[in-house]
Amino acid sequence: MRRYEAVLLDVDGTLVDSNDAHAHAWVETLAERGHELALSRAKSLIGMGGDKLIELVTGIPAGSKENERISHDRSELFRERWLRAVRPILGSRELVLRLRADGYQIAIASAAKDEELAPLLEIADIADLVPVRTTSSDVEHSKPDPDIIEAAFARLSAERSRTVMVGDTPYDVRAGKDAGIDVIAVTTGGWSVEALAGAVAVFTGPRALADGFPT
């Protein structure tokens, strides 16, 4: 793996073990509106922008008021009921400290909403380490569209070819590819190595990545 100048970090499933909690929140929120979503399928959609997930499952168009209401209710449910179940992934702070010590520029590029990101970064124990942050609230189009990656990249001074995204889902891999930015994947989000095809490297988690990142 070659040396980069900048690293864009996903959060859910990459630095915190939150994908199952998000899936449960989606299942419960959609069930309240009469839309059945199996937990296994919900898990396979985590990492995709919430507006796109709603449209895919219900047919309610992204950008519509009803789509936005469902997304808002899901976010509230996640924070009130499921956030307490989220745990840090081993090595998350270690990874960010290693990147900082080695002189990498770092930015958060998360599909989470603004109000979700702050507590997630506290859980990951990196809130004090990464001031540059972008979320789905900052862009018009959510993952797997590359807008979040583009927004985070624009806040750094690295070349595109020397920037890498770290994520845990095929949606991260696709977004990175569409942005012309390499992606390193971790399997902590529940996806197999095969499902993460297209990543320049795949690691078992932040700790392994911290040990494997070139100095």
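Residues numbered from 1 in each chain as written. Predicted model: local features only at pLDDT ≥ 70, side-chain atom pairs only at ≥ 80, totals over all residues. Heavy atoms only, no water.

> Help me understand the pattern of salt bridges in this model?
Side chains carrying opposite charge are able to pair once their charged atoms draw close together. In the structure shown here, the tally under the stated rule is 17 salt bridges. As a salt-bridge pair, aspartate 10 and lysine 143 come within 3.2 Å of each other at their nearest N and O atoms. Here the residue aspartate 10 occupies a position in the loop between strand S1 (6-9) and strand S2 (16-17), and lysine 143 occupies one in the loop between strand S5 (133-134) and helix H7 (147-154), the gap between them amounting to 133 residues. With a relative accessible area of 4%, aspartate 10 lands in the buried category. You can call lysine 143 buried: its relative accessible area is 1%. (Salt bridge = Lys/Arg side-chain N within 4 Å of Asp/Glu carboxyl O. Helix = DSSP H or I, 4+ residues; strand = E, 2+ residues; numbered from the N terminus. Buried < 20%, exposed > 50% of the residue type's maximum accessible area, 1.4 Å probe, protein only.)

> What should I look at first to understand the sheet that holds S5 in this one?
What holds strands together in a sheet is hydrogen bonding between their backbones, with the strands either parallel or antiparallel. Reading across the sheet, the six strands line up as S5-S4-S1-S6-S7-S8 and stay open at both edges, with parallel pairing between neighbours. For this open sheet the edge positions go to S5 and strand S8 (201-203), each flanked by a neighbour on one side alone. (Pairing = 2+ DSSP bridges.)

> Is there a simple way to explain the layout of surface pockets in this structure?
Remark: the empty space left among the atoms is shown by a probe the size of a water molecule rolled over them. Considered as a void within the structure, the largest pocket measures approximately 540 Å³ in volume. Along the walls of the largest pocket sit 34 residues, with Gly49, Gly50, Asp51, Ala111 and Ser136 positioned nearest its centre. Broken down by secondary-structure element, the contributors of at least two residues to the lining of the largest pocket are helix H1 (19-31), helix H3 (50-58), helix H4 (65-82) and helix H6 (114-124). Considering every element that reaches the lining of the largest pocket, the biggest residue donor is H4, with four residues. (1 Å grid on protein atoms, 1.4 Å probe; cavity = no way out; pocket = protein on both sides within 12 Å on 5 of 7 lines; lining within 4 Å. Points joined across faces, edges and corners; volume = space filled by probe spheres on them.)

> In this structure, what is going on with the packing of aromatic side chains? I would like to understand it.
Any pair of aromatic rings gets described here by the distance separating the centres and the angle formed by the planes. Applying the stated criterion to the full structure yields two aromatic pairs. Taking 5.1 Å as the distance between ring centres and 80° as the angle between the ring planes, the aromatic pair formed by tyrosine 104 and phenylalanine 213 counts as edge-to-face. Residue tyrosine 104 is located in the loop between helix H5 (92-101) and strand S4 (105-109), and its partner phenylalanine 213 is located in the segment after helix H9 (206-212); the two are separated by 109 residues in the primary sequence. Overall, phenylalanine 213 belongs to the buried group, its relative accessible area being 2%. With a centroid separation of 6.2 Å and 90° between ring planes, the pair formed by tyrosine 171 and tryptophan 191 is classed as edge-to-face. (Phe/Tyr/Trp six-rings, centres within 6.5 Å; stacked < 30°, edge-to-face > 60°.)

> Would you explain the nonpolar core in this entry?
One recurring pattern in soluble globular proteins is that nonpolar side chains are buried together. Within the largest apolar cluster, 37 residues are counted, with the highest numbers of intra-cluster contacts made by Leu8 and Trp26. Counting residues per element, the ones that place at least two in this core are S1, H1, helix H2 (39-45), H3, S4, H7, helix H8 (170-179) and strand S7 (182-186). Among residues more than four places away in sequence, those in contact with tryptophan 26 are Leu37, Ile46, Gly50, Leu53, Ile54, Ile70 and Arg74. Within the second largest apolar cluster, 36 residues are counted, among which are Val11, Leu99, Ile108 and Phe213. (Core = buried A, V, L, I, M, F, W, Y, C linked by side-chain atoms within 4.5 Å. Contact = heavy atoms within 4.5 Å.)

> Looking at this structure, how should I read a negative patch on the surface?
The grouping of Glu76, Glu80, Asp114, Glu115 and Asp138 at the surface amounts to a negative patch. Broken down by secondary-structure element, the contributors of at least two residues to the negative patch are H4 and H6. Tracing the backbone through its elements, the reader meets aspartate 114 in helix H6. (Patch = residues over 30% accessible without salt bridge, like charges linked within 9 Å, V, L, I, M, F, W, Y side chains within 5 Å. Areas by Shrake-Rupley, 256 points an atom, 1.4 Å probe, with all protein chains shown as cover. Lys, Arg positive; Asp, Glu negative; His and termini not counted. Charge placed at Lys NZ, Arg CZ, Asp CG, Glu CD.)

> Mind showing me how you'd approach the environment of leucine 99 here?
Along the polypeptide, leucine 99 turns up in helix H5. When its relative accessible area of 0% is taken as the criterion, leucine 99 is described as buried. If near-sequence neighbours (up to four positions away) are discounted, leucine 99 is found in contact with Val7, Tyr104, Ile106 and Phe213.

> Hey, could you run me through the side chain of serine 18 in this one?
Relative to the elements of secondary structure, serine 18 occurs in the loop between S2 and H1. In contact with serine 18, not counting residues within four places along its chain, are Asp12, Gly13 and Val86.

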